[in-house]
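Below, each chain spelled out in residue letters.
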Amino acid sequence: MASGTVEIINSTPAGGSNDVSLEEPKKMTREDWRKKKELEEQRKLGNAPAEVDEEGKDINPHIPQYISSVPWYIDPSKRPTLKHQRPQPEKQKEFTSSVEWYKRGVQENAVTTRYRKGACENCGAMTHTKKDCLERPRKVGAKFTGLNIAPDEHVQPTLMFDYDGKRDRWNGYNPEEHMKIVEEYSKVDLAKRTLKAQKLQEELASGKLMEQVNSPRHHWEEEESNSQTERDHNSEDEDEDKYADDIDMPGQNFDSKRRITVRNLRIREDIAKYLRNLDPNSAYYDPKTRAMRENPYANAGKNPDEVGYAGDNFVRYTGDTISMAQTQLFAWEAYDKGSEVHLQADPTKLELLYKSFKVKKEDFKEQQKESILEKYGGQEHLDAPPAELLLAQTEDYVEYSRHGTVIKGQEKAIVRSKYEEDVTINNHTCIWGSYWKEGRWGYKCCHSFVKYSYCTGEAGKEIANTASDLPVEKPTEEEYMAKSKTLMEIHQEKQKDEKKKKKKKQKKSPNSDSEGEEKKKHEKLKKALNAEEARLLQVKEIMQLDERKRPYNSMYETREPTEEEMEAYRMKRQRPDDPMAPFLGQ
C-alpha cells in the first residue's frame with residue numbers, strides 16, 4: 001500500500017480460504033499517525049503529489065477522510081476513492097435522443113391481399129384488434145371477405161425524454177418541411193416577375209414607352225424621376241404584400257390594400273363582476289382573487305335563476321353539491337344512531353345505504369297516505385284536475401268581431417280587486433277621476449272638477465263647455481309688467497311688506513289683542529289635543545283587530561293639517577329614545 005494509508009491486517013480463517021475478513025482494522029502507532037498527518041499537510045501545501053484512487057484519478061487533499069475512504073464494513077481492502085460518491089452507471093436512466101420521434105402514417109412497403117390470423121376482423125390490419133379499430137364498421141368484415149385489407153400502422157416506440165427533451169418545442173419537427181415553404185415563396189416571386197414582364201411587353205406593343213422616348217428631354221427627365229419613385233414604392237409595396245398575410249399582431253389587423261393598421265376591437269358579451277351593481281353596499285368584489293361570492297342583484301329584487309350571474313356562491317349550490325351535502329347529513333345522523341358509515345372512508349356503502357333509506361321512506365309515506373285515505377276518504381279530491389285548468393277551460397261559446405267586441409256569447413268577466421271600486425256618490429254615475437282636462441281630474445258625468453260635489457248632469461257639461469269657450473281677457477300693461485318681475489324683485493317686495501307689518505304691530509296696543517289671541521290659540525290647542533287622543537285610541541283599537549277585518553281608509557278626507565294639529569301631534573308623539581317614555585302614561 002502507499003504511504004499514509006491505514007494498514008489493514010487480513011486474517012485468514014483456519015480453513016485456508018482467501019476471503020477478505022470484515023474485522024475492524026487495528027489502531028495505528030503514534031509515529032505512523034504523525035507521518036500520516038505530515039504527509040497530508042504536504043499534500044495540502046502542494047509539496048507532495050496527490051493521492052491516486054483505483055481509477056487513476058487524483059484525490060483532492062482538502063476532501064475529508066470520511067468522504068474519500070471506503071467504509072471498512074463494505075470492502076476493507078480497497079484504497080481511498082471517490083467512486084462511491086459519483087453517480088452509479090447501473091442506476092442512471094437512459095433517455096431517448098432528440099432525433100427519435102413517433103412514426104407517422106402507415107407502412108407503405110407491405111401490401112397484403114389476404115386476411116392474416118390474429119389481425120383486425122374489421123379492416124384486416126395486424127397492429128390492432130377489432131375493439132381498437134378506428135375505421136368505420138363494415139357490414140361484412142375483412143375476415144370473411146378478404147377484400148380491402150388495410151395497411152399496418154407503425155409500431156410506435158416507447159420514448160422517454162429528459163427534462164429538456166420534454167420541453168423542446170421543435171421536438172419531432174422535420175426540417176425538410178421548411179423546404180416546401182421556401183419553394184412556395186419562390187414560385188410566388190417567379191409569378192410576380194412574369195406578370196411584370198408581360199406588362200412591359202404590353203406597354204411596348206401599345207406604344208406608350210415610345211411616346212415617352214419621343215418627348216422633350218426635360219419632360220423626360222421629370223417623368224424618369226417620377227417613374228423611379230413609383231418603382232421604389234411598388235417594390236416596397238410588393239415586399240409588404242409578400243409578408244402582409246403573415247402579420248399577426250395582437251389587437252391589430254393589417255390591410256395591405258389600404259396601407260393602414262386597423263384596430264380590431266372585440267365585442268365582449270361578458271360584463272366585469274364589479275360593473276354589475278355599482279352600489280358600494282352591494283356584494284363585495286375581491287380584486288386579488290377576482291371573486292364576488294355574494295349575489296350582486298340581491299337587493300334589486302331579481303330572481304337568481306333569471307340573472308346571468310348570481311355570484312360565485314351560486315355555483316356551490318348547483319350540480320351534485322346539494323346531493324353531497326344531503327349524503328353527509330345522512331352519514332352524521334346514521335352514525336349517531338349506531339351505523340358505522342363514513343362519507344370519505346366508505347362512500348359506496350354510504351351511497352347504497354342512503355338509496356335504501358330513501359326507498360323505505362317513500363314506501364312509508366305511501367302507506368301512511370293510503371291508510372289516511374282508507375280511514376277518512378277523499379280520494380276524489382286528489383284525482384281532480386288542478387284549479388287552473390278547471391277555471392280556464394269552459395264550454396261557453398264566445399264570438400268576437402274584427403275590432404275585438406263580443407258579437408255572440410258572454411263577455412269575459414273583469415277581474416275584481418279586494419278594494420272598493422265603482423262606488424258612486426252624490427247622484428254621480430261615474431267615479432272621481434274618470435274625466436281629465438287641462439291638468440285637472442273630475443267626474444265624467446257632469447264635467448265637475450270639485451270632489452264630493454253634487455252631480456248636475458248634462459247641465460253641468462253645458463256650463464263647463466260654455467265657460468271654456470269664453471274669450472280669455474288679455475292682461476294689461478301693468479299686469480304684464482308685474483308678471484315679468486324677477487325672483488329677486490319679488491323677494492325684495494316681500495321683505496318690504498314684512499317690515500311694514502312689523503312696524504304696524506309695534507304701533508298698535510299689544511296688551512288687549514295678544515291676550516285674546518292667546519286664549520283662542522289655547523282653546524284650539526285643547527281641541528286638537530282631544531282630537532289627537534281620540535285618533536290614537538282609534539289607531540290602537542284598529543291595530544288590535546285582525547288584518548282581514550280592518551276597514552279601508554281610502555275614502556278619508558285629505559287636507560293640510562293646521563298648526564294646532566301639528567303641535568298636538570308633536571306633544572302626543574312617543575319617542576322610543578326618550579328616557580322618560582315609560583313614565584308618560586302614569
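The structure we're discussing is the one just above.
Residues numbered from 1 in each chain as written. Predicted model: local features only at pLDDT ≥ 70, side-chain atom pairs only at ≥ 80, totals over all residues. Heavy atoms only, no water.

A word on the packing of aromatic side chains. The tally for this structure, following the rule as stated, stands at 9 aromatic pairs. Ring geometry for Trp101 and Phe161: centres 5.8 Å apart, planes at 35 degrees, overall tilted. Of this pair, Trp101 sits in the loop between helix H2 (65-68) and helix H3 (142-145) while Phe161 sits in the loop between H3 and helix H4 (163-166); the two residues are 60 residues apart in sequence, bridging distant segments of the chain. Judged by relative accessible area, Trp101 falls into the partly exposed class, the value being 29%. Taken together, a centroid distance of 5.3 Å and an interplanar angle of 65 degrees make the contact between Trp432 and Tyr443 edge-to-face. Within this pair, whereas Trp432 is found in strand E5 (residues 432-437), its partner Tyr443 is found in strand E6 (residues 440-443), the two being separated by 11 residues in sequence. Here Trp432 falls in the partly exposed class, since its relative accessible area comes to 31%. Of the aromatic side chains, those joined through ring pairs into one cluster are Trp101, Tyr102 and Phe161. Over the aromatic face of Tyr163 sits the side chain of Arg167, whose NZ or CZ is 3.7 Å from the ring centroid. (Phe/Tyr/Trp six-rings, centres within 6.5 Å; stacked < 30°, edge-to-face > 60°. Helix = DSSP H or I, 4+ residues; strand = E, 2+ residues; numbered from the N terminus. Buried < 20%, exposed > 50% of the residue type's maximum accessible area, 1.4 Å probe, protein only. Lys NZ or Arg CZ within 6 Å of the ring centre and 35° of its normal.)

Our next topic: the packing of helix H9 (residues 321-336) against helix H10 (residues 347-376). Relative orientation of the contacting elements H9 and H10 amounts to 90 degrees, with a least axis distance of 10 Å. When the interaxial angle is binned, H9 and H10 end up roughly perpendicular. The segment H9 lies against H10, with Gln326, Thr327, Phe330 and Ala331 engaging Leu350, Glu351, Leu353, Tyr354 and Phe357. (Axes fitted to C-alpha atoms, helices over the stretch in contact; angles between N-to-C directions. Parallel < 35°, antiparallel > 145°, perpendicular 65-115°, else oblique. Contact = heavy atoms within 4.5 Å.)

On to helix H5 (residues 177-206). Along its 30 residues, H5 runs 45 Å from first to last C-alpha, staying within 8% of the 44 Å computed at 1.5 Å per residue. Phi turns positive one or two residues past the end of H5, at Gly207, with a value near 90 degrees. (Expected span 1.5 Å × (residues − 1).)

Next up on the list: a positive patch on the surface. Together, Lys496, Lys499, Lys500, Lys501, Lys502, Lys503, Lys504, Lys505, Lys520, Lys521, Lys524 and Lys527 line one region of the surface with positive charge. Residue assignment for the positive patch shows that the elements contributing at least two residues are helix H15 (487-507) and helix H16 (510-544). Ranked by residues supplied to the positive patch, first place goes to H15 with 8 residues. Looking at the element boundaries, Lys502 is found in helix H15. (Patch = residues over 30% accessible without salt bridge, like charges linked within 9 Å, V, L, I, M, F, W, Y side chains within 5 Å. Areas by Shrake-Rupley, 256 points an atom, 1.4 Å probe, with all protein chains shown as cover. Salt bridge = Lys/Arg side-chain N within 4 Å of Asp/Glu carboxyl O. Lys, Arg positive; Asp, Glu negative; His and termini not counted. Charge placed at Lys NZ, Arg CZ, Asp CG, Glu CD.)

Among the surface-exposed residues, Glu362, Asp363, Glu366, Glu370 and Glu374 lie close enough to one another that they form a single negatively charged patch. Checked against the element boundaries, Glu362 lands in helix H10.

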